[in-house]
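Now for the letters of each chain:
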Amino acid sequence: MSGRPWPDFRPGPLGSVGAWWRRRRDLGAYSELSDPLPQFTIVSTPSSHQQEFQTPLPSVVHGLDFQASFTVVWRFDASTGRRHNSPRSAAVNGIVQRAREISSTTSVVHHAPLQHQLGDELAAELQVGTTHVWARAENVEISVEEDDLALARKHLELLRTRTLRQAERELERAEMSYLRDEVLTDLATATVWWLQRNGYQVEQAVALSQQLDELVRIASQRRDRHWAESLVTSFEQALPRLSDSHRHDVRQHLARALGVYGGSEVASEFADRIGLPHQLPRGESDGRQPPGGQQHTNGVAKQFP
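Residues numbered from 1 in each chain as written. Predicted model: local features only at pLDDT ≥ 70, side-chain atom pairs only at ≥ 80, totals over all residues. Heavy atoms only, no water.

## Describing the overall build of the protein
Thinking step 1. Within the protein one finds 10 helices and six strands.
Thinking step 2. Within the protein, buried positions represent 25% of all 305 residues.
Thinking step 3. Sequence-distant contacts in the protein: of pairs separated by 6 or more residues, those separated by 24 or more amount to 57%. (Helix = DSSP H or I, 4+ residues; strand = E, 2+ residues; numbered from the N terminus. Buried < 20%, exposed > 50% of the residue type's maximum accessible area, 1.4 Å probe, protein only. Contact = heavy atoms within 4.5 Å.)

Structure below.
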């Protein structure tokens, strides 16, 4: 025997592989314990910024504004790959533009519900354009000066008065057109109309026949109607079941068509005669020719050179 303190033998092939595997296992466990950082990903916390801001916001009536104050909260998103040289201005401007879009369709007298609407919609964090800034608003407050509120109420009252007077004028025109064009056309029609309005008193109608005939004669001697009135009457007779709103739409369509094919002067004359507000026809810049450079003559389109 040898005088060495360990057995005089060498491990076989299986023992060598087992020893290698144990060393690899122990080395891996040591690495995980001594260097745990590779197991985690470090994510930077996005920074948040705030800015108090006050500004007037336009209402639906030019010159009457809301007074708004809010806190703009914004952050950066570096993952977008975009940059902005003034992120604070971009955030404030983005919130103001969102608020203006809503307030410009609202009357000053509705400032109380507008505050809640802006508080609701501006609380959503949205990206400002194509920048790397995301912004929202908190603590939205809306107020209105007493003078502006009084003017807004007066403006609404004027609008109601104008609408009422316009409806009264349209009713008068309709009654006059009805009497002139449908009742006082001949003695028989006028007599039947009188009977229906007066409880079918035949004897009295016979006694009044001379007066009714005189009214028919006077109505028939009236001056020729304006072409605009004749045009509207023809359309209304062709479409007797139209509602009042649809009759108004028909007149507006006629005005646009006259402006396209007859020019702005013809359209203005038509609007003045039948009581429509002046407006430029759609697609028409000067009222001289239809869109696309075409002039229509006798139903045939003629292309301008």
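## Topic: the pairing of strand β1 (residues 48–58)
Thinking step 1. Bridge count between β1 and strand β2 (residues 65–76): 11 bridges; the pairing is antiparallel. What sits directly across from His 49, in β2, is Trp 74.
Thinking step 2. Adjacent in sequence and paired antiparallel, β1 and β2 are bridged by six residues, among which Gly 63 carries a positive phi angle near 95 degrees. (Pairing = 2+ DSSP bridges.)

## Some details on the layout of surface pockets
Thinking step 1. Approximately 770 Å³ is the volume found for the largest pocket.
Thinking step 2. Lining of the largest pocket is provided by 25 residues; of these, Arg 173, Ala 174, Ser 177, Glu 236 and Arg 251 occupy positions nearest its centre.
Thinking step 3. Looking at the lining of the largest pocket, the elements with two or more residues in it are α4 (146–183), α8 (227–238), α9 (244–262) and α10 (264–274).
Thinking step 4. Tallying contributions element by element places α4 first for the lining of the largest pocket, with 12 residues.
Thinking step 5. In this model, the second largest pocket occupies a volume close to 210 Å³.
Thinking step 6. As for the second largest pocket, its lining consists of Arg 162, Thr 163, Gln 166, Arg 169, Glu 170, Arg 173, His 248, Ala 271, Gly 275, Leu 276 and Pro 277.
Thinking step 7. For the lining of the second largest pocket, the leading source of residues is α4, giving six residues. (1 Å grid on protein atoms, 1.4 Å probe; cavity = no way out; pocket = protein on both sides within 12 Å on 5 of 7 lines; lining within 4 Å. Points joined across faces, edges and corners; volume = space filled by probe spheres on them.)

## Section: the packing of aromatic side chains
Thinking step 1. Scanning the model with the defined rule gives two aromatic pairs in all.
Thinking step 2. Both rings, one in Trp 227 and one in Phe 270, keep their centres 6.1 Å apart while their planes meet at 25 degrees; by these two values the pair is stacked. Within this pair, whereas Trp 227 is found in helix α8, its partner Phe 270 is found in helix α10, the two being separated by 43 residues in sequence.
Thinking step 3. Judged by its relative accessible area of 0%, Phe 270 is buried. (Phe/Tyr/Trp six-rings, centres within 6.5 Å; stacked < 30°, edge-to-face > 60°.)

## Quick word on the environment of Leu 208
Thinking step 1. Its place among the elements puts Leu 208 in the loop between α6 (202–207) and α7 (209–220).
Thinking step 2. The spacing of Leu 208 and Thr 191 is 17 residues in sequence and 8.7 Å in space, taken between C-alpha atoms.

## Some thoughts on the packing of α4 against helix α5 (residues 187–197)
Thinking step 1. Remark: α4 packs on α5, axes separated minimally by 9 Å, with the N-to-C direction vectors making an angle of 130 degrees. For the element pair α4 / α5, the angle class is oblique. Every residue of α5 that contacts α4 at Tyr 178, Leu 179, Glu 182 and Val 183 is listed here: Thr 189, Ala 190 and Trp 193. (Axes fitted to C-alpha atoms, helices over the stretch in contact; angles between N-to-C directions. Parallel < 35°, antiparallel > 145°, perpendicular 65-115°, else oblique.)

## Some words on the packing of α8 against α9
Thinking step 1. α9 packs onto α8 with a crossing angle of 130 degrees between their chain directions and a minimal axis gap of 11 Å. For the element pair α8 / α9, the angle class is oblique. Crossing hand, α8 versus α9: right-handed. On α9, the residues that touch Trp 227, Leu 231, Val 232, Phe 235 and Glu 236 of α8 are Arg 247, Val 250, Arg 251, Leu 254 and Leu 258.
Thinking step 2. Of the residues belonging to the contact of α8 with α9, the class tally is seven nonpolar, no polar and three charged. (Left-handed = near helix turned anticlockwise from the far one by under 90°. Nonpolar A, V, L, I, M, F, W, Y, C, P; charged D, E, K, R; others polar.)

## A word on the sheet that holds β1
Thinking step 1. The four strands are arranged β1-β2-β4-β3 in an open sheet whose pairing can be described as antiparallel. Bordering the open sheet on either side are β1 and β3 (126–127), each of which pairs with just one other strand.
Thinking step 2. Relative to the sheet, helix α2 (residues 87–103) contacts β1, β2, β3 and β4 (133–143), its axis offset from that of β1 by approximately 35 degrees.
Thinking step 3. Of the strands in this sheet, β1, β2 and β4 touch helix α3 (residues 111–121), which is tilted by about 160 degrees from β4.

## Notes on α8
Thinking step 1. With 12 residues, α8 extends 16 Å between its outermost C-alpha atoms, agreeing within 8% with the 16 Å of an ideal straight helix rising 1.5 Å per residue.
Thinking step 2. Of the positions making up α8, those classed as buried are Ala 228, Val 232 and Thr 233. Mapping the buried residues of α8 onto a view down its axis gives an arc of 130 degrees, with all of them on the same face.
Thinking step 3. The inward-facing, buried residues of α8 contact α4, α9 and α10. (Expected span 1.5 Å × (residues − 1). Arc of directions from axis to C-beta.)

## Description of α7
Thinking step 1. Taking 1.5 Å per residue as the helical rise, α7 with its 12 residues ought to reach 16 Å, and the 16 Å between its terminal C-alpha atoms agrees with that figure.
Thinking step 2. Next to the buried residues of α7 lie α5.

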